[in-house]
Amino acid sequence: MHSKRQLFEVLADFWHNHFNVYGWEFIEAPVWAHYDRDVIRAHALGNFRQMLEAVAKAPAMLVYLDNFTNFADGGAGYGNENFRAS
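The paragraphs below set out a description of the structure included in this document. Because the structure is a prediction, the values reported are computed rather than measured.

1. Side note on the overall build of the protein
Alright, step 1. Along the backbone of the protein there are 4 helices and 0 strands.
Alright, step 2. Ordered by position from N to C terminus, the α and β elements of the protein give α-α-α-α.
Alright, step 3. Out of the 86 residues belonging to the protein, those deemed buried represent 29%.
Alright, step 4. Taking the contacts inside the protein whose residues are at least 6 apart along the sequence as the reference set, 46% of them involve residues at least 24 apart.
Alright, step 5. Accessible surface for the protein amounts to roughly 6300 Å². Of this, 57% is attributable to carbon and sulfur atoms.

2. Notes on the nonpolar core
Alright, step 1. The biggest cluster of nonpolar side chains holds 15 residues, and the ones touching the most others in it are Phe19, Tyr35, Val55 and Met61.
Alright, step 2. For this core, the secondary structure elements donating two or more residues are helix 1 (6-18), helix 2 (29-43), helix 3 (48-57) and helix 4 (59-64).
Alright, step 3. With residues near it in sequence (within four places) discarded, Val55 still touches Phe19, Tyr35, Val39, Ile40 and Met61.

3. Some remarks on the packing of aromatic side chains
Alright, step 1. Under the counting rule described, the total for this entry stands at 4 aromatic pairs.
Alright, step 2. For the pair Phe14 and Trp15, a centre-to-centre distance of 4.8 Å together with 70° between the ring planes defines the contact as edge-to-face.
Alright, step 3. Judged by relative accessible area, which is 45%, Phe14 ranks as partly exposed.
Alright, step 4. The exposure class of Trp15 is buried, given its relative accessible area of 14%.
Alright, step 5. Aromatic pair Trp15 and Phe48: ring centres 5.6 Å apart, planes at 35°, arrangement tilted. Taken together, the residues span a long stretch of sequence, with Trp15 in helix 1 and Phe48 in helix 3 at a distance of 33 residues.

The rules behind the values
- Along every chain, residues carry numbers that run from 1 in the direction the sequence is written.
- Given that this is a predicted model, residues contribute local features only at a pLDDT of at least 70 and side-chain atom pairs are listed and counted only at 80 or more, while totals for whole chains, interfaces and linings are drawn from all residues.
- In computing side-chain values, all of the structure's heavy atoms are included and hydrogens and water are not.
- Each helix is a run of DSSP H or I of at least 4 residues and each strand a run of E of at least 2, with the numbering of both proceeding from the N terminus.
- Each residue is placed in one exposure class: buried if its accessible area under a 1.4 Å probe, protein chains only, is under 20% of its type's maximum, exposed if it is over 50%, and partly exposed if it falls in between.
- Note on contacts: a residue pair is in contact if any heavy atoms of the two residues lie within 4.5 Å.
- Note on areas: these come from Shrake-Rupley sampling with a 1.4 Å probe, and a residue is covered only by the protein chains present in the view.
- In this description, a nonpolar core means a group of buried Ala, Val, Leu, Ile, Met, Phe, Trp, Tyr and Cys residues linked to one another through side-chain atoms lying within 4.5 Å.
- Between the rings of Phe, Tyr and Trp (Trp by its six-membered ring), a pair exists once the centres lie within 6.5 Å; its type follows the angle of the planes, with under 30 degrees stacked, over 60 edge-to-face, and the other angles tilted.

See below:
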């Protein structure tokens, strides 16, 4: 309530909700701190395109999207089948 960083915290919360990663499972939990600190908070007030790229490459998001069972064609330019446009 009296923080000098209220806008930043509100935006960080917004981006966490928008690019939601469930971090309670054993696989996602160890990389969730990196996702919070180096992806969401690092880009919260920055360029959206850079944030989107960081989110798409973040280990927490790739684990959340089951990248270990990914069947996307590597030559198609998609890093994950879940990002593919239909």
